[in-house]
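Residues per chain, in single letters:
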Amino acid sequence: MTPLIDAGLVNEANQHSAAHLQADYDHLGSVLARRGIEIDVLTEQARRFAVAVPSWGTGTGGTRFARFPSQGEPRNVFEKLQDCAVIQQLVRCTPRVSPHFPWDRVDDFKALRQHADELGLGFDAVNSNTFQDQPGQPLSYKYGSLSHTDPAVRAQAVAHNLQCMEWGQVLGASALTVWVGDGSNFPGQSHFQRQLERYLESTRAIYEALPDDWAMFLEHKMFEPAFYSTVIQDWGSSVLCAMELGDKARCLVDLGHHAPNVNIEMIVSRLIQFHKLAGFHFNDSKYGDDDLDSGSLHPYQQFLIFNELVDAEQRGQAGFDPAYMLDQSHNVTDPIESLMTSAQEVQRSYVKALLVDREALYAYQDSNDAMMATNTLKAAFNTDVDPILARARVLEGGAADPVAVYRASGYRQQVGKLRPSSGQSGSGIV
Ligand SMILES: [Mn+2]
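Read on for an overview of the structure.

## A closer look at the overall build of the protein chain
For step 1, the next point in the chain: Within the protein chain, the regular secondary structure consists of 15 helices and 11 strands.
For step 2, the next point in the chain: Taking 2.2 N^0.38 as the reference for a compact globule, 430 residues should give roughly 22 Å; the C-alpha atoms of the protein chain span a radius of gyration of 22 Å, in line with that estimate.
For step 3, the next point in the chain: By its C-alpha atoms, the protein chain is 65 × 60 × 40 Å across when sized along the principal axes.
For step 4, the next point in the chain: Classification of the 430 residues of the protein chain by burial places 46% in the buried group.
For step 5, the next point in the chain: Sequence separation of at least 24 residues holds for 80% of the intrachain contacts in the protein chain that already meet a minimum separation of 6.

Here it is, written out as structure tokens:
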């Protein structure tokens, strides 16, 4: 892989903290040994964990009010991949990038794949975009796309999704994520059933064109841009449509796309049970679809979601193969720092979920011991697994402290000089 951050700098920083890291690791190892857990096994599992980075997350985000661009933002998908490679170089748990079309404008997809190969990166699910109009587009999505009343608009939206799959095949991806902004802003504006029938007719055409080894991820969202109703507004609508379409259609859970206080971990369990969990867009939120950094607000909720995922993994649940992706908007932080930190927070939830004493938990559940059952989860969550995460990164060639090394490298200042602002951003406001 092309060294984007000086490898000497990474080694020097790791060596500087090596003694402390070893002491912390040894201490945690003895704590876990008393619980019958072998720390090195956990470290190996942490090393195998991966979460994809969204290409659109590498630029500074914004809101519908404003966007405040920052220095050295990537101006095209090649530069976005370079930033993703820096993230992967330091955290070593983000080997794939999830692209977004047409925000990622590409003339030569083979060249893009080669660029990614050279950076040591692969591609995760490709995302289509029929929630906004593009320059020169013949028909408008103002009143919807896949569920539009006009068959010509629906055909245009279907064609775009087919095009995304063709591009994704060149890139080596194997899933298409479909999120539509279709909905209505006024009671009575749309006939709920007819609108959903039109959506299903369109998605069926996309589903039938899926390559054999591809999956279709349906992403639901409660509101916005439509503020009265949304076609695929909740996991119920999502799973109904996924069941209508077939085995290769599954439901993608974006943590910010639910009603407040919804029990997301239980939704995850339901989707696992019926083989309909596609994967995740990880982020955090306080009020709605805030796209805050993963684990910045509700780390316990994220842990409880991973508790369900690890439970399924350890039970060997059939068909369980979720795709993990970040989906965040970084409005006030350096996107590289946010994505590195968030990837580690998702990895942290996974490792903590591995600590849950499942046999004890099942026994407490069966004997209706609510207090001890919940304490079993808390015992795992309250364990500081930092030494495991740091050790996993160092063993993989990454940085013990990624943000510190990134800041010391001066990468942002360097790309600030190489990437004068074009006045445009391929990041969008999501
Ligand atoms: Mn999302």
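From this point, the narrative continues.
## Comments concerning helix α8 (residues 264–273)
For step 1, the next point in the chain: Buried within α8 we find I264, I267, V268, L271 and I272. Projected onto a plane normal to the axis of α8, the buried residues spread over an arc of 140° and lie on a single side. Pointing more than 90 degrees away from the buried face of α8 are the exposed residues M266 and Q273.
For step 2, the next point in the chain: On its buried face, α8 is in contact with α7 (235–245), β9 (249–254), β10 (277–282) and α9 (299–315).
For step 3, the next point in the chain: H275 sits one or two positions beyond α8 and adopts a positive phi of about 55°.

## So, the environment of R34
For step 1, the next point in the chain: Inspection of the secondary structure puts R34 in helix α1 (residues 7–34).
For step 2, the next point in the chain: Between the alpha carbons of R34 and A175 there is a distance of 43 Å; along the sequence they are 141 residues apart.

## Structural notes on the packing of helix α3 (residues 77–91) against helix α4 (residues 109–119)
For step 1, the next point in the chain: Interaxial distance between α3 and α4 falls to 10 Å at its minimum, and their mutual angle equals 20°. Relative to α4, α3 is oriented roughly parallel. Our pair here, α3 against α4, has a crossing hand that is right-handed. The residues of α4 that touch α3, namely those facing V77, F78, L81, Q82 and A85, are L112, H115, A116 and L119.
For step 2, the next point in the chain: The class makeup of the residues in the contact of α3 with α4 is 7 nonpolar, 2 polar and no charged.

## Regarding the sheet that holds β10
For step 1, the next point in the chain: Strand order in the open sheet formed by 6 strands is β4-β5-β7-β9-β10-β11, and the pairing between neighbours is parallel. Edge positions in the open sheet fall to β4 (126–127) and β11 (323–326), since each of these has one partner strand only.
For step 2, the next point in the chain: With 2 bridges joining them, β4 and strand β5 (residues 175–178) adopt parallel strand pairing. Pairing of N127 across the sheet is with T177, part of β5.
For step 3, the next point in the chain: Of the strands in this sheet, β9 and β10 are in contact with α8, which crosses β9 at around 165°.

## With respect to the nonpolar core
For step 1, the next point in the chain: Residues M216, F217, L218 and C251 are the most contacted members of the largest nonpolar core, which totals 106 residues.
For step 2, the next point in the chain: A total of 9 residues in this core trace back to one element, the largest contributor, which is helix α10 (residues 335–354).

## Notes on the sheet that holds strand β2 (residues 96–98)
For step 1, the next point in the chain: Reading across from one edge, β1-β2-β3 is the order of the 3 strands in this open sheet, with parallel pairing throughout. At either end of the open sheet lies a strand with only one pairing partner, and these are β1 (53–54) and β3 (122–123).
For step 2, the next point in the chain: Note: β1 against β2, 2 bridges, orientation parallel. Directly across from P54, in β2, lies its bridge partner S98.

## Some words on the pairing of strand β7 (residues 215–219)
For step 1, the next point in the chain: The buried fraction of β7 is high, at 5 of 5 residues.
For step 2, the next point in the chain: Going residue by residue along β7, you find A215, F217 and E219 tucked away on one face and M216 and L218 tucked away on the opposite face as well.
For step 3, the next point in the chain: As judged from the 4 bridges shared by β5 and β7, these two strands associate in the parallel manner. Within β7, the position partnered with A175 by the bridge is A215.
For step 4, the next point in the chain: Sheet topology places β7 next to β9; 4 bridges connect them, and they run parallel. The residue bridging M216 from the neighbouring strand is A249, located in β9.

Conventions we followed
- Residues numbered from 1 in each chain as written.
- Predicted model: local features only at pLDDT ≥ 70, side-chain atom pairs only at ≥ 80, totals over all residues.
- Helix = DSSP H or I, 4+ residues; strand = E, 2+ residues; numbered from the N terminus.
- Rg over C-alpha atoms; globule rule 2.2 N^0.38 Å.
- Buried ≥ 20, exposed ≤ 12 C-beta atoms within 10 Å, placed from the backbone.
- Contact = placed C-beta atoms within 7 Å.
- Arc of directions from axis to C-beta.
- Axes fitted to C-alpha atoms, helices over the stretch in contact; angles between N-to-C directions.
- Parallel < 35°, antiparallel > 145°, perpendicular 65-115°, else oblique.
- Left-handed = near helix turned anticlockwise from the far one by under 90°.
- Nonpolar A, V, L, I, M, F, W, Y, C, P; charged D, E, K, R; others polar.
- Pairing = 2+ DSSP bridges.
- Core = buried A, V, L, I, M, F, W, Y, C linked by C-beta atoms within 7 Å.

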